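Observations on the model geometry
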Amino acid sequence: AQSVTQLGSHVSVSEGALVLLRCNYSSSVPPYLFWYVQYPNQGLQLLLKYTSAATLVKGINGFEAEFKKSETSFHLTKPSAHMSDAAEYFCAVSESPGRRALTFGSGTRLQVQP
Amino acid sequence: DVKVTQSSRYLVKRTGEKVFLECVQDMDHENMFWYRQDPGLGLRLIYFSYDVKMKEKGDIPEGYSVSREKKERFSLILESASTNQTSMYLCASRTSGRNQPQHFGDGTRLSIL
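Residues numbered from 1 in each chain as written. Chains lettered and ligands numbered in written order. Predicted model: local features only at pLDDT ≥ 70, side-chain atom pairs only at ≥ 80, totals over all residues. Heavy atoms only, no water.

**Quick look at the sheet that holds strand β8 (residues 73-78) of chain B**
All names here are of chain B. Worth spelling out the cut-off: By the convention used here, strands pair only if DSSP detects at least 2 bridges between them. For helices the rule is a DSSP run of H or I covering at least 4 residues; for strands it is a run of E covering at least 2, with both sets numbered from the N terminus onward. For helices, the axis comes from a line fit to the C-alpha atoms of the stretch in contact; other axes are also lines fit to C-alpha atoms, and the angle between any two N-to-C directions lies between 0 and 180 degrees.
The four strands lie next to each other as β1-β3-β8-β7, forming an open sheet whose pairing is antiparallel. Looking at which strands have only one partner, the edges of the open sheet turn out to be β1 (4-6) and β7 (64-70). Averaged over neighbouring strand pairs, the angle between their axes works out to 20 degrees when direction is ignored. Where β7 lies against β8, five bridges are found, and the strand directions are antiparallel. What sits directly across from Ser65, in β8, is Ile77.

Now the structure itself:
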């Protein structure tokens, strides 16, 4: 069965600092992995997805994530945080096409301090 | 861009009422999903549909049903609303095929009094 663990329900960084949001997955088959962002009172927006073509995936808004099979991780990073990055971030896994739905982590709320 | 529209942003209902949440997508996606989102629990799948009139239970289907009479519309029904169903409800759709992402609506914040 697939599952996702996001370490840290809240992360606080200073503006300009490195952002690191952690995601570990469990999957019995090679996974499809996604990061989504949710701004207040909005739905989820796709940040990036792992396609197996490259282990380092670049997404929107300067975010990227690295797939590490040996560590079963897909951590999200951004070199320099901006105030507008404050939001909740969700990691998700799918064993598609065997399972059409995604399994989501519990989310990490990112706070950016001026 | 894919557009997933949920009929209400905020909804207040009373215990025991029958509640309908509507979702429409404009991209001819085969698959549609209903999730509920609660603090600290992330998103949990209630039901999904992979074709018209086809549905499958997700992880927490109890107390809910769904309807998909047309490809673009997927309805979530609370047969007899209870206070523990107060939550944020999110609809999503995706096309079939490998590694296709889900596209989400803005959510309906439902309060059951």
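**A closer look at the state of the cysteines**
Residues and elements named next belong to chain A. Which entries qualify depends on this criterion: Count a disulfide wherever a pair of cysteine sulfur atoms falls within 2.5 Å. Relative accessibility thresholds used throughout: buried, under 20% of the residue-type maximum; exposed, over 50%; partly exposed, between the two (1.4 Å probe, protein chains only).
Enumeration according to the criterion identifies two disulfides over all chains in this entry. Here Cys23 pairs with Cys91 through a disulfide, and the sulfurs are 2.0 Å apart. Looking along the S-S bond of the Cys23-Cys91 disulfide, the torsion reads about -60 degrees, which is the left-handed sense. Highlighted residues: Cys23 in the loop between β3 (19-21) and β4 (24-26) and Cys91 in strand β10 (residues 87-94), separated in sequence by 68 residues. Here Cys23 and Cys91 have matching classes, each one buried.

**Some words on empty space enclosed by the protein**
Test applied: In this analysis a 1.4 Å probe is tested at points of a 1 Å grid over the protein atoms alone, and where it fits but cannot get out there is a cavity; an open set with protein on both sides within 12 Å along at least five of seven lines is a pocket; lining residues have an atom within 4 Å of a point. Grid points are joined across faces, edges and corners, and a volume is the space filled by probe spheres set on the points. Put simply, Ala, Val, Leu, Ile, Met, Phe, Trp, Tyr, Cys and Pro go in the nonpolar bin, Asp, Glu, Lys and Arg in the charged bin, and everything else, Gly too, in the polar bin.
Scanning the model with the defined rule gives one cavity of 30 Å³ or more in all. If you trace the largest cavity, you find it lined by Asn41 of chain A together with Arg9, Tyr10, Met88, Asp106, Gly107 and Arg109 of chain B. Split into classes, the residues belonging to the lining of the largest cavity amount to two nonpolar, two polar and three charged.

**As for the side chain of Glu88 of chain A**
Keep this limit in mind: By the criterion applied in these results, polar contacts are pairs of N or O atoms within 3.5 Å in which, for protein atoms, one can donate a hydrogen and the other can accept it, and in which residues neighboring in sequence qualify only through two side-chain atoms. In what follows, residue pairs with any heavy atoms lying within 4.5 Å of each other are defined as contacts.
Of note, Glu88 of chain A is situated in strand β10. Accessibility expressed as a relative area gives 13% for Glu88 of chain A, which makes it buried. Side-chain polar atoms of Glu88 of chain A contact the side chain of Arg109 of chain A, separated by 3.0 Å. Filtering out sequence-adjacent residues up to four positions away, Glu88 of chain A remains in contact with Tyr36, Val37, Gln38, Ser106, Gly107, Thr108 and Arg109 of chain A together with Gln37 of chain B.

**Points about the interface of chain B and chain A**
In many reports, interface size means the accessible area that the parts give up when they come together. Short version of the rule: As a working definition, buried area equals the accessible area (1.4 Å probe) given up by two parts on being put together, with both sides summed. Salt bridges, as used here, are contacts in which a Lys or Arg side-chain nitrogen is within 4 Å of a carboxyl oxygen on Asp or Glu.
Contact with chain B, which involves 25 residues of that partner, is made by 22 residues of chain A. Each partner contributes to the roughly 1,900 Å² buried at the junction of chain B and chain A, and carbon and sulfur atoms together form 50% of this total. Ranking the residues of chain B by area buried against chain A places Leu43, Asn99 and Phe104 of chain B at the top, with a combined share of 28%. At the junction of chain B with chain A, the criterion picks out zero salt bridges. Inspection of the region where chain B meets chain A yields four residue pairs in polar contact (both at pLDDT 80 or more). At the level of secondary structure, the elements contributing two or more residues to the side of chain B that touches chain A comprise β4 (31-38), β5 (42-51) and β9 (87-94) of chain B. Ranked by residue count, the leading element in the side of chain B that touches chain A is β5 of chain B, at five residues. Across the side of chain B that touches chain A, the residue classes tally to eleven nonpolar, nine polar and five charged.

**Brief notes about the nonpolar core**
Residue and element names in this part refer to chain A. As a reminder of what qualifies: Residue types Ala, Val, Leu, Ile, Met, Phe, Trp, Tyr and Cys, when buried and joined through side-chain atoms within 4.5 Å, form a set referred to as a nonpolar core.
The biggest cluster of nonpolar side chains holds 27 residues, and the ones touching the most others in it are Trp35, Leu47, Leu48, Phe74, Leu76 and Tyr89. If you list the elements that add at least two residues to this core, you get β2 (10-14), β3, β5 (32-38), β6 (44-49), β8 (64-68), β9 (73-78), β10 and β12 (108-113). If near-sequence neighbours (up to four positions away) are discounted, Phe74 is found in contact with Cys23, Leu33, Phe34, Trp35, Leu48, Tyr50, Val57, Ala65, Glu66 and Phe67.

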